[in-house]
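# Structural overview
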Amino acid sequence: MQTNRADIGLVGLAVMGQNLALNIADHGYTIAVFNRNPDKTREFIACCERQEPSSERLIGCVDLAEFVRSIKRPRKIVLLVKAGEATDATIEHLLPHLEAGDIIIDGGNAHWQDTTRREKRLSALGFHFIGSGVSGGETGARFGPSLMPSGTFEAWQSLEPIWRDIAAKVDPDTGKPLEGAAPGKPIQGGIPCTAYIGPNGAGHYVKMVHNGIEYIDMQLICEAYWLMKNLLGMNAGEIGKIFEEWNQGELSSYLIEITGDILQQKDPEGDGYLVDKVLDTAGQKGTGLWTAANALTLAIPANAIAEAVYARALSALKDERVSASQMLDGPVVTQESDRKALIEAIRNALFCSKICAYAQGFQLMAEAQIEYDWQLDFGTIAQIWQGGCIIRAGFLRKITEAYHRNPGLMNLMLDPYFKNALHEGQSHWRKAVSLAVANGIPVPAFGSAVAYYDGYRSAFLPANLLQAQRDFFGSHTYERTDQPRGKFFHLDWSSSDRQQNEV
Ligand code: 6PG
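What comes next concerns the included structure. (Residues numbered from 1 in each chain as written. Predicted model: local features only at pLDDT ≥ 70, side-chain atom pairs only at ≥ 80, totals over all residues. Heavy atoms only, no water.)

## Brief notes about the overall build of the protein chain
If you tally the helices and strands in the protein chain, you get 19 helices and eleven strands. Computed over its C-alpha atoms, the radius of gyration of the protein chain comes to 26 Å, within 12% of the 23 Å expected for a compact globule of 503 residues. Dimensions of the protein chain, computed from C-alpha atoms along their principal axes, come out at roughly 85 × 65 × 50 Å. Among the 503 residues that make up the protein chain, the fraction classed as buried is 50%. Long-range pairs, those at least 24 residues apart, make up 68% of the contacts in the protein chain between residues at least 6 apart in sequence. Of the roughly 23,700 Å² of accessible surface on the protein chain, 52% is carried by carbon and sulfur atoms. (Helix = DSSP H or I, 4+ residues; strand = E, 2+ residues; numbered from the N terminus. Rg over C-alpha atoms; globule rule 2.2 N^0.38 Å. Buried < 20%, exposed > 50% of the residue type's maximum accessible area, 1.4 Å probe, protein only. Contact = heavy atoms within 4.5 Å. Areas by Shrake-Rupley, 256 points an atom, 1.4 Å probe, with all protein chains shown as cover.)

Written out as structure tokens, the structure reads:
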């Protein structure tokens, strides 16, 4: 084994690790790979030698010390192991072999607070730690993911050329992802879907918000499908065709595209469409929950994102729902006769709700940067998400444009493009939600998005009464509309004379 030969190393040869290693090799870098189970490393290398054009740039190592020695200094070592304890254990195993200035890059779906903790510990030991969100699943890892790295700027500068090379690329003129990469033939040119996000856990935080938005994007699509099925009696194939059409317009996105495909898939095991045979319970690995929980902690109203997490939780109560369906009554569903009009209403409901969902995600990041002392560039974050990741969509270019127009934008809904879309779509949006409620069809994401819109545009809310209730039972005080902000009053609600005092 020749030492100091590899440009970079990678630990963890599960699906994501294998694909990212091949992506790196395809871009002309020599990469050393290591897996805890040496047989996995041997099998991967043997398989690549048979079928991968870039296999000569892969160095398979079965000994950790040899793996580390094979990498040029300062070493860059990517971890693609299970988030959590496995990440900590891998770092501990690597540490005795590293030298000052070496860089560990965690590409897993780590909780951003773990990344902050790891970065602090490793920097105290003289190493660098980059937490990099990686989105795009297996295909993204292989041919161009969206990458959201954070850590010290110095470490980022060392990693940047590789990260820019392997990231997804978008067309600078249209913002559309550049496609057509194949083994050994990566995309040339285009704007890379990666950029420095900030220090410590910022990159994994942004990836977490990406996933929260991914949850709500998916839930909104499901509600659109469910309304067409229940209010129009359309079958999965017909609805799939509608999604195909929608993918040509302002809703154009990876998730709309795959939905059109999924819905038109026939059941390979029998009659009908496969989606009708898939059990209606959705799993989750936790990143959507982290986003919703953080929104609660920071007191940011990301209610649609939270609804998407609750919708998965409700779906998982399958047995209870089946029992309750025999016990709890609702209205009889009345089918709508004007198919074209309702489909257009549902399309607008989806688009307006999507604007609210992204407004919530960006509002959350805006608060997080204050709370955690980061400086996030929202136009760039939206640009990184234009290609490679699960939420990639034409829509994200509009978000980048909005933040370029006004970097201090208070809320995405206030940008002229999005404001106009909400104004034009809202009567349809309300019609779709009203029909759903009248017919007893659950649309928690559409409904919470419209409530967010209406709440945000309300100069007055019933919180006057709420605050008075708090003062009544807990002396929590209130401000008055006829007095300057910051002056607090308490009324002695239980006394006979009910005196108000300034406190
Ligand atoms: C991505 C995805 C990816 C994964 C999610 C799924 O950006 O590539 O978000 O990270 O699909 O972790 O999460 P759930 O299992 O919670 O749906």
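## Some thoughts on helix H12 (residues 303-316)
In this model H12 runs 20 Å from its N-terminal to its C-terminal C-alpha over 14 residues, within 8% of the 20 Å that 1.5 Å per residue would give. Of the positions making up H12, those classed as buried are Ala304, Ile305, Ala306, Ala308, Val309, Ala311, Arg312 and Ser315. Those residues of H12 that are buried lie in contact with helix H8 (202-232), helix H11 (287-297), helix H13 (318-327), helix H14 (339-371) and helix H18 (444-456). (Expected span 1.5 Å × (residues − 1).)

## What about the site of the ligand?
What surrounds the ligand is a group of 14 residues, the closest being Ser135, Glu214, Tyr215, Lys285 and Arg312. Contacts to the ligand include serine 135, whose side-chain N or O atom sits 2.4 Å from an oxygen atom. Note that an oxygen atom of the ligand is positioned 3.3 Å from one of the backbone N or O atoms of glycine 137. Here the ligand has 410 Å² of accessible area as a free molecule, and 80% of this is covered by the chains. Of the residues forming the shell around the ligand, the biggest block, five residues, is contributed by H8. Taken together, the residues of the shell around the ligand break down into two nonpolar, eight polar and four charged. Counting contributing residues, the shell around the ligand receives three or more from each of domain 1 (8-200) and domain 2 (204-456). (Near = heavy atom within 4 Å. Polar contact = N/O pair within 3.5 Å; in protein donor to acceptor, adjacent residues only side chain to side chain. Nonpolar A, V, L, I, M, F, W, Y, C, P; charged D, E, K, R; others polar. Domains from an automatic or database assignment.)

## Topic: the layout of surface pockets
Each pocket or cavity is described by its volume, and for the second largest pocket that value is around 890 Å³. Forming the walls of the second largest pocket are 38 residues, and the residues nearest its centre are Pro177, Glu179, Tyr254, Glu257 and Arg392. If you list the elements that add at least two residues to the lining of the second largest pocket, you get helix H6 (137-143), helix H10 (254-263) and helix H16 (395-405). The element that contributes the greatest number of residues to the lining of the second largest pocket is H6, accounting for five residues. Among the residues making up the lining of the second largest pocket, the classes are represented as eleven nonpolar, 17 polar and ten charged. (1 Å grid on protein atoms, 1.4 Å probe; cavity = no way out; pocket = protein on both sides within 12 Å on 5 of 7 lines; lining within 4 Å. Points joined across faces, edges and corners; volume = space filled by probe spheres on them.)

## Brief notes about empty space enclosed by the protein
Going through the model one piece at a time under the given rule, you end up with three cavities of 30 Å³ or more. Taken as a whole, the largest cavity holds about 70 Å³ of empty space. Together, 13 residues line the largest cavity, and Asn23, His27, Phe143, Pro186 and Ile187 are the ones closest to its centre. Breaking the lining of the largest cavity down by element, the ones donating at least two residues are helix H1 (15-26), H6 and helix H7 (153-166). Looking at the lining of the largest cavity, its residues break down into six nonpolar, three polar and four charged. The calculated volume of the second largest cavity comes to roughly 40 Å³. Looking at the second largest cavity, the residues that line it are Asp217, Ile221, Leu251, Ser253, Leu255, Ile256, Leu350 and Lys354. Elements represented by at least two residues in the lining of the second largest cavity include exactly H8, H10 and H14.

## Observations concerning a negative patch on the surface
On the surface, a cluster of negative charge is contributed by Glu179, Glu244, Glu245, Glu257 and Asp261. Elements that contribute at least two residues to the negative patch include exactly helix H9 (236-246) and H10. Residue placement: glutamate 257 occurs in helix H10. (Patch = residues over 30% accessible without salt bridge, like charges linked within 9 Å, V, L, I, M, F, W, Y side chains within 5 Å. Salt bridge = Lys/Arg side-chain N within 4 Å of Asp/Glu carboxyl O. Lys, Arg positive; Asp, Glu negative; His and termini not counted. Charge placed at Lys NZ, Arg CZ, Asp CG, Glu CD.)

## What about the environment of glycine 447?
With respect to the element layout, glycine 447 can be found in helix H18. Looking at glycine 447, the relative accessible area reads 23%, which means it is partly exposed. Considered as a pair, glycine 447 and proline 186 are 261 residues apart in the sequence and their alpha carbons are 43 Å apart.

## Points about the packing of aromatic side chains
Applying the stated rule across the entire model yields 23 aromatic pairs. Arranged with centres 6.1 Å apart and planes meeting at 25 degrees, the rings of tyrosine 452 and tyrosine 456 form a pair that is stacked. With a gap of four residues between them, tyrosine 452 and tyrosine 456 both fall in helix H18, about one helical turn apart. Classification of tyrosine 452 as buried rests on a relative accessible area of 4%. Grouping aromatic residues by their ring pairs yields a cluster made of Phe351, Tyr358, Phe395, Tyr417 and Phe418. Here the guanidinium or amino end of lysine 354 rests over the ring plane of phenylalanine 395, the centre of that ring lying 5.0 Å away. (Phe/Tyr/Trp six-rings, centres within 6.5 Å; stacked < 30°, edge-to-face > 60°. Lys NZ or Arg CZ within 6 Å of the ring centre and 35° of its normal.)

## Digging into a nonpolar patch on the surface
Residues Met410, Leu414 and Tyr456 make up a contiguous nonpolar surface patch of about 300 Å² in total accessible area. Take leucine 414: it is sitting in the loop between H16 and helix H17 (416-438). Residue classification places leucine 414 among the partly exposed positions, given a relative accessible area of 39%.

## Some details on the sheet that holds strand E7 (residues 146-150)
The strand order across the open sheet built from seven strands is E3-E2-E1-E4-E5-E6-E7, with neighbouring strands paired in mixed fashion. Both outer strands of the open sheet, strand E3 (58-61) and E7, are each paired with one neighbouring strand and no more. In this sheet, adjacent strand axes meet at a mean angle of 25 degrees when their direction is disregarded. Strand direction decides the pairing type here: strand E1 (residues 8-11) and strand E4 (residues 76-79), joined by three bridges, are parallel. Its bridge partner being in E4, glycine 9 is matched across the sheet by isoleucine 77. Across the sheet, helix H5 (residues 112-124) lies against strand E5 (103-106) and strand E6 (128-135), angled at about 155 degrees from E6, the strand it touches most. Where H8 meets the sheet, its contacts fall on E5, E6 and E7, and the angle it forms with E6 comes to roughly 15 degrees. (Pairing = 2+ DSSP bridges. Axes fitted to C-alpha atoms, helices over the stretch in contact; angles between N-to-C directions.)

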